[in-house]
Amino acid sequence: MRFYNLESALSNPSEVEELVLHGLQTEQLPAGIYRLYNLKKLELSNSKLRDIPSQIRELKLLESLNLAQNRLPAVPEAVMLLPQLKTLNLSQNEIDVLPGWVGQIDQLEVLMLSKNLISEIPVELCRLSALRKLDLSKNQVQKLPPGIGQLQQLRQLKLAGNFLRRLPKSLTTCAKLDQLDLAENRLAKLPETLGDLTQLNKLNLAFNRLKELPLSLGNCHYLRQLMLEKNQLEALPKSIGKLQWLASINCSGNKLQTLPDSIGQCSQLQQADFSENRISSIPSTFSSLYRLFELSLTSNNLKDLPRLSENLKILNVNKNRFEAFPNSILQLRQLISLNLSHNRIKLVPDDLRNLKQLEQLSLQGNPITREPGALIYLDQLKSLKGFSFYKPALLFQFIRACRKKEVSYSLRQALYAIFRGDHSRLHQLPLTTLFLALQLRLPQLDFPIRKHLFQERSLPMANHPLQKGSRLVILGKTHLKKKDLEQRLEKLGIGISGKKENTLSHVLIGQAPT
């Protein structure tokens, strides 16, 4: 059983298998813990512990010990006395030396030492034949021991945020390695045998000094995530097309000028970021990436785009050199977010209305001189940037009202002109259209339309009297409260409704606007 309180645990010592005591305000381990002889997992993170006494040997069944976020200046020697220990977490302490005797904890499977001050990894560590996970990220490690390839059970190796300049060739003999994190180091080159890590699922090489990738990378057939941002890469190897299971790639912040045609063979690719490079064209093979739903090409030298995956939902091509709205974008019927800001586009085509799923549109920083008419047809639009013609809040209000009342696209343009203040078309619209517009309950439509109806289209009641069986809808304010009016009309056998219906015979537009 799991306990979160030492007092409760000591009342049932034989039942305690897991004890969680985060945030202890003491530098020493409470003595009562040693009585929990069936304890298998002990969590003592985020405390003020400075050492672990040898009495911990009484916990003969302990398999997992979490001492993260304490004040330990060194790896406690007492951990060697735990014969069943498999997981040891010493992250976020003040440890500056990793002792060689750690290699004697034969049964250790997980060793976490991130965010310490360790500068050297002892060769004895390579004797941990059962080790599956090693985390030494955010330390000061400058090199790996040449025998690291002896860790044949190693699956996760995290070394981000160190001072590594090169990797030993033996690392690529860790045949079971599936996660390798080497971000934020000083690597300028990778072993040519990197492709021998055929089980790699996630490879993080971001924020290094790499200028090229080994051709053998294509042999990492199971690779799903590849992070290469903020390096000095000038090209990607053609072998990248062999990564049939690649789902995510980030190459932003490099020096790429082109992308290999073979990338179109990465049939499982879902997210790709090539921002902040020098790319001037995209291979036509991108149209084969049917699973791609997010593509970022910000800050490149693009002037046009080829046909892209019809399943694309997020497209960022801001800060490029487009002088015209790319036609291929108008075919992306599933697009939700489009960023074309800071280009040289002057005209937004009417066919933008075809992107009916679009929710976010950014076009700021373009010399657009004509008001785009397509926006009023984008029913899902929620965010708009880059148009001095529009007040986004009013536009969204109009779109929501039209969507709610199912106003046809053919009527929207005429109604939006009135909404924007152009009342010259009012006399051209049939009464049915004007009555529909009043139901949108938009002040920008309500006032001019009711004024127009009073002044130019009102009909004398003598010619169309209310009588028993008439159906009336009220679209404006009256002197009487709606409830009182309903009661009076019902006594006369006249029905009243708040909505326009096919059976209506009269429309009451209320008091004349002033």
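Structure: see above.
None of these values were measured; they are calculated from a predicted model.

Definitions and limits used
- Residues numbered from 1 in each chain as written.
- Predicted model: local features only at pLDDT ≥ 70, side-chain atom pairs only at ≥ 80, totals over all residues.
- Heavy atoms only, no water.
- Helix = DSSP H or I, 4+ residues; strand = E, 2+ residues; numbered from the N terminus.
- Rg over C-alpha atoms; globule rule 2.2 N^0.38 Å.
- Buried < 20%, exposed > 50% of the residue type's maximum accessible area, 1.4 Å probe, protein only.
- Contact = heavy atoms within 4.5 Å.
- Areas by Shrake-Rupley, 256 points an atom, 1.4 Å probe, with all protein chains shown as cover.
- Lys, Arg positive; Asp, Glu negative; His and termini not counted.
- Charge placed at Lys NZ, Arg CZ, Asp CG, Glu CD.
- Expected span 1.5 Å × (residues − 1).
- Phe/Tyr/Trp six-rings, centres within 6.5 Å; stacked < 30°, edge-to-face > 60°.
- Core = buried A, V, L, I, M, F, W, Y, C linked by side-chain atoms within 4.5 Å.
- Salt bridge = Lys/Arg side-chain N within 4 Å of Asp/Glu carboxyl O.
- Patch = residues over 30% accessible without salt bridge, like charges linked within 9 Å, V, L, I, M, F, W, Y side chains within 5 Å.
- Polar contact = N/O pair within 3.5 Å; in protein donor to acceptor, adjacent residues only side chain to side chain.
- Disulfide = S-S within 2.5 Å.

**A closer look at the overall build of the protein**
Okay, step 1: Scanning the protein from terminus to terminus reveals 6 helices and 21 strands.
Okay, step 2: The globule rule puts the C-alpha radius of gyration for 514 residues at 24 Å, and the 35 Å found for the protein is more than 25% above it.
Okay, step 3: Seen through its principal axes, the protein has C-alpha atoms that stretch 105 × 65 × 30 Å.
Okay, step 4: Every one of the 514 residues in the protein was classed for burial, and the buried ones make up 50%.
Okay, step 5: By sequence separation, contacts in the protein at least 24 residues apart represent 29% of the contacts at least 6 residues apart.
Okay, step 6: Here the protein displays about 25,300 Å² of accessible surface, and carbon together with sulfur accounts for 46% of that area.
Okay, step 7: The centroid of the 69 positive side-chain charges in the protein is displaced by 8 Å from the centroid of its 45 negative side-chain charges.

**With respect to helix H2 (residues 392-404)**
One full turn of an α-helix is made of 3.6 residues, so residues set three or four places apart face in the same direction.
Okay, step 1: For H2, with 13 residues, the first-to-last C-alpha span of 18 Å sits near the 18 Å given by 1.5 Å per residue.
Okay, step 2: Turning to H2, its buried residues number three or more, namely Leu 395, Phe 396, Phe 398, Ile 399, Ala 401 and Cys 402.

**Details of the packing of aromatic side chains**
The description of an aromatic ring pair uses the distance of the two centres, along with the angle that the planes make with each other.
Okay, step 1: A full pass over the atoms with the stated rule returns 4 aromatic pairs.
Okay, step 2: Judged by centre distance (5.2 Å) and plane angle (50°), the ring pair of Phe 398 and Phe 419 falls under tilted. Remark: Phe 419 occurs in helix H3 (residues 409-419) and Phe 398 occurs in helix H2; sequence separation between them is 21 residues.
Okay, step 3: The class of Phe 398 is buried, set by a relative accessible area of 0%.
Okay, step 4: A connected cluster of aromatic rings, assembled from ring pairs, spans Phe 398, Tyr 416 and Phe 419.

**Side note on the nonpolar core**
Okay, step 1: Leu 19, Leu 236, Phe 274 and Leu 315 are the most contacted members of the largest nonpolar core, which totals 147 residues.
Okay, step 2: Among the secondary structure elements, those contributing two or more residues to this core are helix H1 (6-11), H2, H3, helix H4 (431-438) and helix H5 (443-457).
Okay, step 3: Considering each element in turn, this core owes the most residues, 6 residues, to H2.

**A short note on H3**
Okay, step 1: Of all the residues in H3, the buried ones are Arg 412, Ala 414, Leu 415, Tyr 416, Ala 417, Ile 418 and Phe 419.
Okay, step 2: Gly 421 sits one or two positions beyond H3 and adopts a positive phi of about 115°.

**Some points on the pattern of salt bridges**
Okay, step 1: Under the counting rule described, the total for this entry stands at 11 salt bridges.
Okay, step 2: Measuring nitrogen to oxygen at the nearest pair gives 3.0 Å for the salt bridge that ties Glu 18 to Arg 2. Highlighted residues: Glu 18 in strand E2 (residues 18-20) and Arg 2 in strand E1 (residues 2-3), separated in sequence by 16 residues.
Okay, step 3: For Glu 18, a relative accessible area of 15% puts it in the buried group.

**Observations regarding a positive patch on the surface**
Okay, step 1: A contiguous patch of positive charge, built from Lys 404, Lys 405, Arg 441 and Lys 482, is present on the exposed surface.
Okay, step 2: Tracing the chain through its elements places Lys 405 in the loop between H2 and H3.

**Examining the side chain of Asp 178**
Okay, step 1: When you line up the elements, Asp 178 lands in the loop between strand E8 (156-158) and strand E9 (179-181).
Okay, step 2: As a buried residue without a salt bridge, Asp 178 has its nearest oppositely charged side chain in Arg 155, at a separation of 4.2 Å.
Okay, step 3: Non-local contacts of Asp 178, meaning those with residues more than four positions away in its chain, are made with Arg 155, Gln 156, Gln 199, Leu 200, Asn 201 and Lys 202.

**Describing the environment of Lys 356**
Okay, step 1: Position of Lys 356 relative to the elements: it lies in the loop between strand E16 (337-339) and strand E17 (360-362).
Okay, step 2: In sequence terms Lys 356 and Pro 214 are 142 residues apart; their C-alpha atoms lie 43 Å from each other.
Okay, step 3: Beyond its immediate chain neighbours, meaning those up to four positions away, Lys 356 contacts Gln 380 and Tyr 409.
Okay, step 4: A distance of 3.3 Å separates a polar atom in the side chain of Lys 356 from the backbone oxygen of Arg 353.

**So, unusual backbone geometry**
Okay, step 1: Even without glycine at this site, Asn 46 takes up a positive phi of about 55°.
Okay, step 2: Tracing the chain through its elements places Asn 46 in the loop between strand E3 (41-43) and strand E4 (64-66).
Okay, step 3: Positive phi, normally seen in glycine, also occurs at Lys 230, with a value near 60°.
Okay, step 4: Here Lys 230 is to be found in the loop between strand E11 (225-227) and strand E12 (248-250).
Okay, step 5: Residue class for Lys 230 comes out partly exposed when judged on its relative accessible area of 34%.

**Here we look at the environment of Val 102**
Okay, step 1: By the element assignment, Val 102 lies in the loop between strand E5 (87-89) and strand E6 (110-112).
Okay, step 2: The spacing of Val 102 and Pro 122 is 20 residues in sequence and 8.9 Å in space, taken between C-alpha atoms.

**Some words on the state of the cysteines**
Okay, step 1: Tallying each qualifying case throughout the model produces 0 disulfides.
Okay, step 2: Left unpaired, Cys 174 is separated from the closest cysteine sulfur, that of Cys 126, by 8.6 Å.
Okay, step 3: Here Cys 220 is not cross-linked by a disulfide; its sulfur's nearest cysteine counterpart is in Cys 266, at 13 Å.

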